[in-house]
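Geometric and topological summary
This is what each chain is made of:
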Amino acid sequence: ETSKEQPQNSIPFDEPGKPERQRRDAITNEGLAHFQAAYPGETLAKEDIFYYAYGLLHSPDYRKRYADNLAKELPRIPCVKTVADFWAFSKAGRDLAELHINYETVEKYPLQIIGGEANLTDADYRVEKMKYGKTGKDKDLSTLHYNTKITLTGIPLEAYEYVVNGKPALDWVVERQCVKTDKDSGILNDANDWAIETMNNPRYPLELFQRVITVSLETMKIVNALPPLGI
């Protein structure tokens, strides 16, 4: 949004040649007062409450207890009983947000490329459609056939525990990093174009898969350390 008048609690972002943008809090003053009343004596900022909500929404206890409500209405954010738990959820939410915002720059999880990668060229990293390995009739999620020249092994199965909108985050990468023609529009979506023209990195689809492994593992590490939901 753009505005000439700077609202309270906003942060200006200046870009040469562009109107000044304003950052506006998603937490209302009433919301801040509600949490301040729940934890008297604590110095709380709206940002702390934002990350608290983000951490709480990752809580397995919260998701299980309110599964029916979450399926049909916007989530409601309760106050946990202790201020220690509030800060635990807020810290977790801040750490999770850091991971999820910067997923493209986190450390790549080390996977083994069968046959090595010493002789691979940039052209060899072109992706058409990734496929998981197979053990008999069963899917082998520890192995990924990236293309005809590259097969990755050593994928930790616990990485699939991080689920986004009903499927593991890794599955989203496999599904989206491909070459596919949209049935309705006839438009060709080529992940390699994005990798080369926008990211300046032909290896981007493969490296994204490695980075999302790291994000998934670190996310589950934080989630599994969340306190029980005491409300």
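About the criteria used
Residues numbered from 1 in each chain as written. Predicted model: local features only at pLDDT ≥ 70, side-chain atom pairs only at ≥ 80, totals over all residues. Heavy atoms only, no water. Patch = residues over 30% accessible without salt bridge, like charges linked within 9 Å, V, L, I, M, F, W, Y side chains within 5 Å. Areas by Shrake-Rupley, 256 points an atom, 1.4 Å probe, with all protein chains shown as cover. Salt bridge = Lys/Arg side-chain N within 4 Å of Asp/Glu carboxyl O. Lys, Arg positive; Asp, Glu negative; His and termini not counted. Charge placed at Lys NZ, Arg CZ, Asp CG, Glu CD. Helix = DSSP H or I, 4+ residues; strand = E, 2+ residues; numbered from the N terminus. Buried < 20%, exposed > 50% of the residue type's maximum accessible area, 1.4 Å probe, protein only. Pairing = 2+ DSSP bridges. Arc of directions from axis to C-beta. Contact = heavy atoms within 4.5 Å. Polar contact = N/O pair within 3.5 Å; in protein donor to acceptor, adjacent residues only side chain to side chain. Axes fitted to C-alpha atoms, helices over the stretch in contact; angles between N-to-C directions. Parallel < 35°, antiparallel > 145°, perpendicular 65-115°, else oblique. Nonpolar A, V, L, I, M, F, W, Y, C, P; charged D, E, K, R; others polar. Core = buried A, V, L, I, M, F, W, Y, C linked by side-chain atoms within 4.5 Å. pLDDT = per-residue confidence, 0-100.

Some remarks on a positive patch on the surface
Taken together, Lys129, Lys131, Lys134, Lys139, Lys180 and Lys183 make up a surface patch of like positive charges. Along the polypeptide, Lys180 turns up in strand 9 (residues 179-181). On the accessibility criterion, Lys180 (55% relative accessible area) is exposed.

Quick word on the pairing of strand 5 (residues 138-145)
In the sheet, strand 4 (residues 131-135) pairs with strand 5 via five bridges, with the strands oriented antiparallel. Residue Tyr132 lies in a different strand from strand 5, and its bridge partner there is Leu144. If you look at the hairpin formed by strand 4 and strand 5, you'll find two residues sitting between the two strands, and Gly136 has a positive phi there, around 70°. Bridge analysis of strand 5 against strand 6 (residues 151-153) gives three bridges, and the strand direction is antiparallel. The residue of strand 6 that forms the bridge with Thr143 is Thr153. Between strand 5 and strand 6, which follow one another and run antiparallel, lie five residues.

Quick notes on helix 6 (residues 169-176)
By the burial criterion, the buried members of helix 6 are Ala169, Leu170, Val173 and Val174. Buried residues in helix 6, looked at end-on, bunch into an arc of 145°, giving them a common side. Residues of helix 6 that are buried make contact with strand 4, strand 5, strand 7 (163-164), strand 8 (167-168) and helix 8 (204-224).

Points about the pattern of salt bridges
Applying the stated criterion to the full structure yields 13 salt bridges. Arg176 serves as the salt-bridge partner of Glu175, at 3.5 Å between the closest nitrogen and oxygen. Given a relative accessible area of 37%, Glu175 falls into the partly exposed group. Members of the salt-bridge network, linked through shared partners, are Glu47, Asp48 and Arg94.

Quick word on the environment of Asp182
Of note, Asp182 is situated in the loop between strand 9 and strand 10 (188-190). Taking the C-alpha atoms as reference points, Asp182 and Phe86, separated by 96 residues in sequence, lie 45 Å from one another. Ignoring anything within four residues of it in the chain, the contact list for Asp182 reads Ile187 and Asn189. Of note is the side chain of Asp182, whose polar atom sits 2.8 Å from the backbone nitrogen of Ser185.

Notes on the sheet that holds strand 5
Strand order in this open sheet of four strands is 3-6-5-4, and the pairing throughout is antiparallel. Looking at which strands have only one partner, the edges of the open sheet turn out to be strand 3 (112-113) and strand 4.

A few points about the packing of helix 1 (residues 29-38) against helix 2 (residues 46-56)
Where helix 1 contacts helix 2, the two axes come as close as 10 Å, and the packing angle between them is 80°. One element, helix 1, and the other, helix 2, form an angle in the roughly perpendicular class. In contact with Asn29, Gly31, Leu32 and Phe35 of helix 1, helix 2 contributes Lys46, Ile49 and Tyr52. Along the lines of polarity and charge, the residues of the contact of helix 1 with helix 2 split into four nonpolar, two polar and one charged.

Observations regarding the nonpolar core
Grouped burial of nonpolar side chains is what soluble globular proteins tend to show. Core analysis: the largest hydrophobic core is formed by 51 residues, its most contacted members being Leu170 and Phe209. Of all the secondary structure elements, the ones that give two or more residues to this core are helix 1, helix 2, helix 5 (83-101), helix 6, helix 7 (191-198) and helix 8. Broken down by element, the residue count for this core peaks at eleven residues, all from helix 8. Contact partners of Phe209, with chain neighbours within four places excluded, come to Leu111, Tyr132, Leu144, Leu152, Ile155, Tyr160, Leu170, Val173 and Val174.

Focus: the confidence of the model for the protein
Interpretation of this model should avoid reading the predicted coordinates in detail wherever pLDDT is low. Of all residues in the protein, 92% attain a pLDDT of 70 or more, and the chain-wide mean is 91. Taken as a whole, residues 1-13 scores under 50 in pLDDT and shows 28 contacts with residues more than four places along the chain or in a different chain.

Describing the side chain of Gln177
Take Gln177: it is sitting in the loop between helix 6 and strand 9. Owing to a relative accessible area of 11%, Gln177 belongs among the buried residues under this scheme. Beyond its immediate chain neighbours, meaning those up to four positions away, Gln177 contacts Val127, Met130, Ala191, Tyr204, Pro205 and Leu208.

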